[in-house]
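A look at the structure
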Amino acid sequence: MKYIPTIGIECHVQLCTKTKLFSEVDNDARGKEPNACVSPVDYALPGMLPRLNGEAIKLAIRAGRAMNCKINASSRFDRKHYFYPDSPKGYQITQFYQPIIGAGYVELPSGTKIRIEHAHLEGDAGKLTHFDTYSLVDLNRVDTPLIEIVSMPDIHSAKDAHDYCKELWRLMCYARVTYGDLYNGNMRFDINTSLAPEGADKLGTRTEVKNLNSFRSVERAVEYEIARQTKILESGEKVVQETRGWNDATGKTTGQRSKEEAKDYRYMPEPDLPPINLSDVFIETESAKLPLMPKDYREKFKGKIADDILEILLDYPSLMKKLDEVESKFAKIISNLFASVLLSEEKSAEYLNDLPTAKDLNELAEMNEKKELSSTATKEVFLRLFDPQMKGRGAKNIAKELGLIQENDLGALEAIVDVVLAKPETKKAQEDFKAGQEKVIGFLVGQVMKESHGKANPSAVQEILRKKLS
Ligand code: MN
C-alpha cells in the first residue's frame, strides 16, 4: 500500500525588538552573562505588571503581511499555565483565542502554496542547563518576543518541508523582523508528521518533533519519520501519538512524551494586559514599510539572471537590494560576481554589510562589457572595491592604478606585435608556426602580452599575429 505523508510546521521566530515583550530590559543578550538581561517583571516579583512593547506589534504586522496574512484589528493575550523553572511566572503569556495574525499563505520557489493557519505573539521561556545533581537557570530569554507561525497540513514531502522553512526564514529576514540567526535559535521549527493510505479521507496519527533549528535537520527529521512510520504501518502496527526528539548526530528521532502525559494548560485571558486594537491606518502604515520580497525579485529578474544563481543570492537581502540598484543590463554579470567571487571569499559575511556603490559596480560591468577588462581583471577590481584602502576611488581609477585596462586599440597592438616579431628570439617560433606548428602561437601571444605588461587583449593579439604570419 502507498502511504501519503502529511506535514504541518510550527515555527517560533525571535523578534529583533530593542527591549523585551513586557519589560524595558535589553532584548539582545548575545555575548552577555546569564541573567544580565532580566527585569523584576521577567523575574515575576510580586506586584510587577507587564507592559506591552509596541515595537513587537509593528514587527508582527510586517511578518504577517510578508506571509500574505490578514492582520486582525483586534487581538489579545492569554495565559498558558505550566510549572517549570524556566518560567518564574508559572505561565506563558501567549495569544490562544484571538491571535494578531490571521490566515495567509507562503509560496515556495516551486510555486507550491502552503497555507498559514494563523500566527500569534508570545513571550519566550528561559533556558535551563542540566548537570549531574543540579540545574542552572538563565532567564535572559524570558519574554523575548516571539511570533509562532502555524501552517496548515499542506506539506507532503521532506523537500517541501525544507523549502517551506527556508522560505519562511527569507521572508522574516527580508521583512526585518528577526536577526534570522539560526545557529543561535532565532528560528525554531516543530514538525508534525503523519501518514495515511493513498485516497484515505482521514489523516493518520501524527508525531511531533520539536526545536529543530536548521533546514537540513528539518528535512532529515521528516525523512526519518516518514520511513519509521511507514515501517510501523506496513507491519500492521499503530503509530503512537507522541513528542519525539531529534538527534542530529545519529540522524534519528526518539520518543519523549506520549499523549497520555499531555498537559492541561488551563488557558485564560491575561487580566494584566488590555486587548490590542489596531486602526486600518496603523496597519497600512506598517505594511507599507515592507521592502521588495523574494517573490518580487524572482519576477523582476526572471530571464535576466540564471534561476540557480538567483536562488543562491536570495538568501542575502543586501545583495538583492544592490542588484536592484545596478543597471538592469548589468544584473547578470554582477550577480555572477556576487555568487562566484564574493560569496566564496573568507570575509564575505563582513563584505555583505558594506557593499560597493551601484555606480562602482556599473562602471566595473561596463569596462568588462567593452572588453577593457579581462574576466580575471574584472574579478580582481571587484574585490578591490571592498578594500578599505581602495574604496571610494572608483572602479575605473582602481583598474587604471593596477594597470589592468586592456589595450584594444588595434593600431597600438599592431605596433607591439611588430616589436616582438622583430626580436631574434622569436624568429624560430615564427618559422615553426609558418611550417604548420599551431601550438607555438601561444608562445608568441605570451611574448606580446609580456611586451605590453599584460595589458593587451589576448584574443585581439592572436588575430593580428595570425594575419601577419600567414
Ligand atoms: Mn509557542
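The structure displayed is predicted, hence computed values, not measured ones. (Residues numbered from 1 in each chain as written. Predicted model: local features only at pLDDT ≥ 70, side-chain atom pairs only at ≥ 80, totals over all residues. Heavy atoms only, no water.)

Description of the overall build of the protein
When its secondary structure is counted, the protein shows 17 helices and 15 strands. Taking 2.2 N^0.38 as the reference for a compact globule, 470 residues should give roughly 23 Å; the C-alpha atoms of the protein span a radius of gyration of 30 Å, well beyond that estimate. With respect to the three principal axes, the spread of C-alpha positions in the protein is 95 × 55 × 50 Å. Expressed as a percentage of its 470 residues, the buried residues of the protein come to 49%. Across the protein, contacts joining residues at least 24 apart in sequence account for 68% of those joining residues at least 6 apart. On the protein, roughly 24,100 Å² of surface is accessible, and the fraction owed to carbon and sulfur atoms is 51%. Averaged over its 67 positive side-chain charges, the protein has a centre that lies 2 Å from the centre of its 72 negative ones. (Helix = DSSP H or I, 4+ residues; strand = E, 2+ residues; numbered from the N terminus. Rg over C-alpha atoms; globule rule 2.2 N^0.38 Å. Buried < 20%, exposed > 50% of the residue type's maximum accessible area, 1.4 Å probe, protein only. Contact = heavy atoms within 4.5 Å. Areas by Shrake-Rupley, 256 points an atom, 1.4 Å probe, with all protein chains shown as cover. Lys, Arg positive; Asp, Glu negative; His and termini not counted. Charge placed at Lys NZ, Arg CZ, Asp CG, Glu CD.)

Notes on the domain arrangement of the protein
Domain parsing of the protein yields domain 1 (3–282), domain 2 (292–401) and domain 3 (410–469). Domain 2 and domain 3 are separated by 34 Å when their C-alpha centres are compared. (Domains from an automatic or database assignment.)

Re the coordination of the manganese ion
Within the protein, His12 (NE2), Glu122 (OE) and Glu148 (OE) serve as the donor atoms for the manganese ion, at 2.1 to 2.2 Å. Motif for the manganese ion, donor spacing along one chain: H-x109-E-x25-E. Of this pair, His12 sits in strand E1 (residues 3–14) while Glu122 sits in strand E6 (residues 113–123), placing them 110 residues apart in sequence. As far as the burial class goes, His12 and Glu122 line up, both buried. (Donors = N, O, S within 2.8 Å, 3.2 Å for Na, K, Ca; no water.)

Quick look at a nonpolar patch on the surface
A cluster of nonpolar side chains, contributed by Tyr43, Leu45 and Met48, occupies part of the molecular surface with about 270 Å² of accessible area. In this fold, Leu45 is placed in the loop between helix H1 (40–43) and helix H2 (54–66). (Patch = residues over 30% accessible without salt bridge, like charges linked within 9 Å, V, L, I, M, F, W, Y side chains within 5 Å. Salt bridge = Lys/Arg side-chain N within 4 Å of Asp/Glu carboxyl O.)

Focus: the packing of aromatic side chains
Scanning the entire structure with this criterion turns up twelve aromatic pairs. Summarising the aromatic geometry, the rings of Phe189 and Phe215 are spaced 6.2 Å apart at their centres and angled 55 degrees between planes, so their arrangement reads as tilted. Pair noted here: Phe189 is in strand E10 (residues 187–197) and Phe215 is in helix H4 (residues 215–234), with a separation of 26 residues, a long-range link. With centroids separated by 6.2 Å and ring planes inclined at 50 degrees, the aromatic side chains of Phe338 and Phe382 adopt a geometry described as tilted. Taken as a pair, Phe338 in helix H9 (residues 331–340) and Phe382 in helix H12 (residues 375–384) lie far apart in primary sequence, 44 residues in all. An identical accessibility class is assigned to Phe338 and Phe382; each is buried. Taken together, the aromatic side chains of Phe96, Tyr97, Tyr265 and Tyr267 make up a single cluster linked through ring pairs. Above the ring of Tyr179, the side-chain terminus of Arg30 is found at 4.4 Å from the ring centroid. (Phe/Tyr/Trp six-rings, centres within 6.5 Å; stacked < 30°, edge-to-face > 60°. Lys NZ or Arg CZ within 6 Å of the ring centre and 35° of its normal.)

Here we look at the nonpolar core
Met67, Ile149, Tyr164 and Met172 are the most contacted members of the largest nonpolar core, which has 101 residues in total. Looking at which domains feed residues into this core, each of domain 1 (3–282) and domain 2 (292–401) gives three or more. Setting aside chain neighbours within four positions, we find Met67 in contact with Gly104, Tyr105, Val106, Ile116, Ala119, Ile149, Leu168, Leu171 and Met172. Ranked by size, the runner-up nonpolar core spans 19 residues in total, among them Ile416, Ile441, Val461 and Leu465. (Core = buried A, V, L, I, M, F, W, Y, C linked by side-chain atoms within 4.5 Å.)

Observations concerning the pairing of E10
In the case of a regular strand, side chains alternate between the two sheet surfaces. In terms of burial, E10 is largely enclosed, as ten of its eleven residues are buried. Of the strand pairs in this sheet, E1 and E10 are connected by eleven bridges, and their pairing is antiparallel. When the sheet's bridge partners are listed, Cys11 is paired in E10 with Phe189. Here four bridges tie E10 to strand E11 (residues 207–212), and the two strands are oriented antiparallel to one another. What sits directly across from Ile191, in E11, is Val209. (Pairing = 2+ DSSP bridges.)

Some words on the packing of H9 against helix H11 (residues 358–369)
The interhelical angle for the contact between H9 and H11, taken along N-to-C directions, is 105 degrees, at an axis separation of 10 Å. Taken as axis vectors, H9 and H11 run roughly perpendicular relative to one another. Contacts from Ile333, Ile334, Leu337 and Phe338 of H9 reach H11 at Leu361, Leu364, Ala365 and Asn368. Here the contact of H9 with H11 is built from residues that sort into seven nonpolar, one polar and no charged. (Axes fitted to C-alpha atoms, helices over the stretch in contact; angles between N-to-C directions. Parallel < 35°, antiparallel > 145°, perpendicular 65-115°, else oblique. Nonpolar A, V, L, I, M, F, W, Y, C, P; charged D, E, K, R; others polar.)

Here we look at the pattern of salt bridges
By the definition in use, this model includes 41 salt bridges. Residue Asp124 is joined to Arg188 by a salt bridge in which the shortest nitrogen-to-oxygen separation is 3.0 Å. A residue pair is termed long-range when its members are at least 10 positions apart, and Asp124 in the loop between E6 and strand E7 (127–130) and Arg188 in strand E10 qualify at 64 residues. Of the residues examined, Asp124 reaches a relative accessible area of 9% and is grouped as buried. A single salt-bridge network, built from bridges that share partners, covers Lys166, Glu167, Arg170, Arg298, Glu311 and Asp315.

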